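Coordinate analysis (summary)
One-letter residues, chain by chain:
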There are 2 protein chains.
Amino acid sequence: MPTRRAGIARDAFTARRRAPLNRGAILEAAISMADEDGLEAVTMRRLGQRVGVEAMSLYKHVSDKDDVLAGIADRVAGEFVIPSRETDWRDSLRASYLAAHQVLMRHPWAASLLESTLQPGPARLAYLEAVVGVLHDAGFNLLDVAHAFGALDSHLYGFTLQATSLPFDVSEAPETAAALAEALPPEQFPNLIAMASMVAEADDGYPLDFTFGLDLLLDGLARRLASQAT
Amino acid sequence: MPTRRAGIARDAFTARRRAPLNRGAILEAAISMADEDGLEAVTMRRLGQRVGVEAMSLYKHVSDKDDVLAGIADRVAGEFVIPSRETDWRDSLRASYLAAHQVLMRHPWAASLLESTLQPGPARLAYLEAVVGVLHDAGFNLLDVAHAFGALDSHLYGFTLQATSLPFDVSEAPETAAALAEALPPEQFPNLIAMASMVAEADDGYPLDFTFGLDLLLDGLARRLASQAT
DNA sequence: ATCGTAGGCTTACTGTGTAAGCTTGTCAAG
DNA sequence: CTTGACAAGCTTACACAGTAAGCCTACGAT
């Protein structure tokens, strides 16, 4: 079957050539796969299948699987809302961290990825630069900036990880809590059972409130700033 | 080669039978493997090799690989220091969370495991019960207990994860920071470069301070308690 | 008309978790 | 002493994983 370049076959190839598969399309596919079926569902073979290509073809646009992971992590970082340096630092950071939390809740796999050992990409770097800038502009010295940033980021990733990796769905928290309260030995875990009962009877769902810890931290930082200004 | 039960062969088998491999030994081996070479180095085959047995033999004592992971996670939880309910709640929790942080730094793989989707084991449950108990005894209402606990745990796991997954060794932070400060485009990342320079010149290492955020949270909680008592 | 190149495919190798079934020493009951 | 159930371990096999190496073919510039 030698060269063949007329008619249908040609068109098919032309069409295939027209969108010759780029890095962005691969990463988009990987993100939606992870969103739908979890990060562990993202394999090179399935990813290739998703974009209509054999697994090995991906390696023309991507160097590694780690490269894919770093890529989708940085795409998610790109969804973060860069904090404004015009408005009050506290409001600005609060809004930004709240938005980041919501982004990470939309992509539950991303928190562990961003906190993993991968090198930060350009989007993450830009975000870091902005947060550090806001803190510095607010009047914190460099060491406190580092500390504050560490504390805020810890809360963001720690809380989100906790929220996304509960061993049950949040919507069915009351039922799970009720079952838990029944299953635990009462004399051994009175406090846990009390908590579980509260959750079971609450009608507004699981008491996961990102802002609680966030405001605790921001309050503390504001007070620290005020006492230093003295 | 029919039944043979005298002499050396018999002793060898007896010796092998004397320590017929139990769940605890397997988990201990898994923990030290993870400590030495990382969690991804813990495979069933290597684990079997470590305890002198074929991989499939492990399944007589362990139901799954997930069972192994849950097991080692709960062993680490067993190293946590249960907070005392006798002393001041703030001191008690501070000491306890500090100790937990140190435990997790000794077992860098454990943070992500404890925060994963696995069901909590008995040791973790006991720890949770104690922390919740201390908070409740301190005078927080149940909802605030849940919130406070969530914030403290977020800090613990978020911070530890951050500290254990830096893309470089903490001891060589100054060099890495210096290299980073040089590599980043100066006009684009002035603040990050300032931070990196500070780290590069600091002689007391990387400014990772678990207590900074922890005290921020505890201060906030204490104030909340005081204002409620009014 | 030729040829380098880029996008894609095929094949193959090693390493993973684990299902299924086999072998063999131990120990209690007859 | 025999027998047979049982538990610990081993062997084999399978369906996945990531990815190295090399081939095939249409496109674009010369």
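Residues numbered from 1 in each chain as written. Chains lettered and ligands numbered in written order. Predicted model: local features only at pLDDT ≥ 70, side-chain atom pairs only at ≥ 80, totals over all residues.

1. Quick look at the relation of the copies chain A and chain B
- Note on the copies: chain A fits chain B at an RMSD of 0.0 Å, the axial shift is 0.0 Å, and the rotation between them is 180 degrees. Taken together, the turn and the small shift mark the pair as related by a two-fold rotation axis. For chain A, the smallest separation between a C-alpha atom and the rotation axis is recorded for Gly158 of chain A, amounting to 1.9 Å.
- Looking at chain A, 100% of its interface residues are interface residues in chain B too, so the copies touch through the same face. (Least-squares fit on C-alpha atoms with pLDDT ≥ 70 in both. Contact = placed C-beta atoms within 7 Å.)

2. Quick look at helix H5 (residues 89-106) of chain A
All names here are of chain A.
- Taking 1.5 Å per residue as the helical rise, H5 with its 18 residues ought to reach 26 Å, and the 26 Å between its terminal C-alpha atoms agrees with that figure.
- Turning to H5, its buried residues number three or more, namely Trp89, Ser92, Leu93, Ser96, Tyr97, Ala100, His101 and Leu104. Along the axis of H5, the buried residues cluster in a sector spanning 160 degrees; they form a single face. Counted as exposed and oriented over 90 degrees from the buried face of H5: Asp91 and Arg106.
- For H5, the secondary structure elements touched by its buried residues are helix H6 (110-114), helix H7 (122-138), helix H8 (142-164) and helix H11 (210-229). (Helix = DSSP H or I, 4+ residues; strand = E, 2+ residues; numbered from the N terminus. Expected span 1.5 Å × (residues − 1). Buried ≥ 20, exposed ≤ 12 C-beta atoms within 10 Å, placed from the backbone. Arc of directions from axis to C-beta.)

3. Let's talk about the interface of chain A and chain B
- Contacts between chain A and chain B engage 44 residues on the former and 44 residues on the latter.
- Counting only elements with at least two residues in the side of chain A that touches chain B, the list comes to H7, H8, helix H10 (190-201) and H11 of chain A.
- With 16 residues, H8 of chain A is the largest single contributor of residues to the side of chain A that touches chain B.

4. So, helix H4 (residues 65-79) of chain A
All names here are of chain A.
- An ideal rise of 1.5 Å per residue puts 21 Å on 15 residues; H4 measures up with 22 Å between its terminal C-alpha atoms.
- Listing the buried residues of H4 in full gives Val68, Ala70, Gly71, Ile72, Ala73, Asp74, Val76 and Ala77.
- Residues of H4 that are buried in the fold lie against helix H2 (23-37), H5, H6 and H7.

5. Details of the environment of Leu214 of chain A
Residues and elements named next belong to chain A.
- Within the secondary structure, Leu214 sits in helix H11.
- For the pair formed by Leu214 and Met33, sequence separation is 181 residues and the distance between their alpha carbons is 31 Å.
- Among residues more than four places away in sequence, those in contact with Leu214 are Arg94, Tyr97 and His155.

6. Describing the packing of H5 of chain A against H11 of chain A
All names here are of chain A.
- Two elements in contact, H5 and H11, have axes separated by 11 Å at closest approach and are oriented at 155 degrees. Considering the angle they form, H5 stands roughly antiparallel to H11. Of the two elements, H5 crosses H11, and the hand of that crossing is right-handed. From H5, Arg90, Leu93, Arg94, Tyr97, Leu98 and His101 reach across to H11, where they touch Phe210, Leu214, Leu218 and Ala222. (Axes fitted to C-alpha atoms, helices over the stretch in contact; angles between N-to-C directions. Parallel < 35°, antiparallel > 145°, perpendicular 65-115°, else oblique. Left-handed = near helix turned anticlockwise from the far one by under 90°.)

7. So, the environment of Leu39 of chain B
Residues and elements named next belong to chain B.
- Considering the arrangement of structural elements, one finds Leu39 in the loop between helix H2 (23-37) and helix H3 (44-50).
- According to the C-beta neighbour criterion, Leu39 is partly exposed, with 17 such atoms within 10 Å.
- Along the chain, Leu39 and Pro108 lie 69 residues apart, while their C-alpha atoms are 8.9 Å from each other.
- Apart from the residues lying within four places of it in its own chain, the contact partners of Leu39 are Ala34 and Trp109.

8. Some points on the packing of H7 of chain A against helix H10 (residues 190-201) of chain B
- With their axes 7 Å apart at the nearest point, H7 of chain A and H10 of chain B run at an angle of 75 degrees to one another. With respect to H10 of chain B, the axis of H7 of chain A lies roughly perpendicular. Contacts from Leu125, Leu128, Glu129, Val132, Gly133 and His136 of chain A of H7 of chain A reach H10 of chain B at Asn191, Leu192 and Met195 of chain B.
- Class assignment of the residues belonging to the contact of H7 of chain A with H10 of chain B gives a composition of 5 nonpolar, 3 polar and 1 charged. (Nonpolar A, V, L, I, M, F, W, Y, C, P; charged D, E, K, R; others polar.)

9. Section: the nonpolar core
- With 114 residues, the main nonpolar core has Ala30 and Leu217 of chain A together with Ala30 and Leu217 of chain B as its most contacted residues.
- The residues contacting Leu217 of chain B, other than those within four sequence positions of it, are Gly213, Leu216 and Leu217 of chain A together with Ala151, Leu152 and His155 of chain B. (Core = buried A, V, L, I, M, F, W, Y, C linked by C-beta atoms within 7 Å.)

10. Structural notes on the confidence of the model for chain A
All names here are of chain A.
- Per-residue confidence for chain A averages 88 on the pLDDT scale, and 90% of its residues sit at or above 70.
- Mean pLDDT across the elements of chain A bottoms out in helix H1 (residues 7-18) (36) and peaks in H5 (98).
- Here residues 1-18 scores under 50 on pLDDT; set against residues more than four positions off or in separate chains, the count is 2 contacts. (pLDDT = per-residue confidence, 0-100.)

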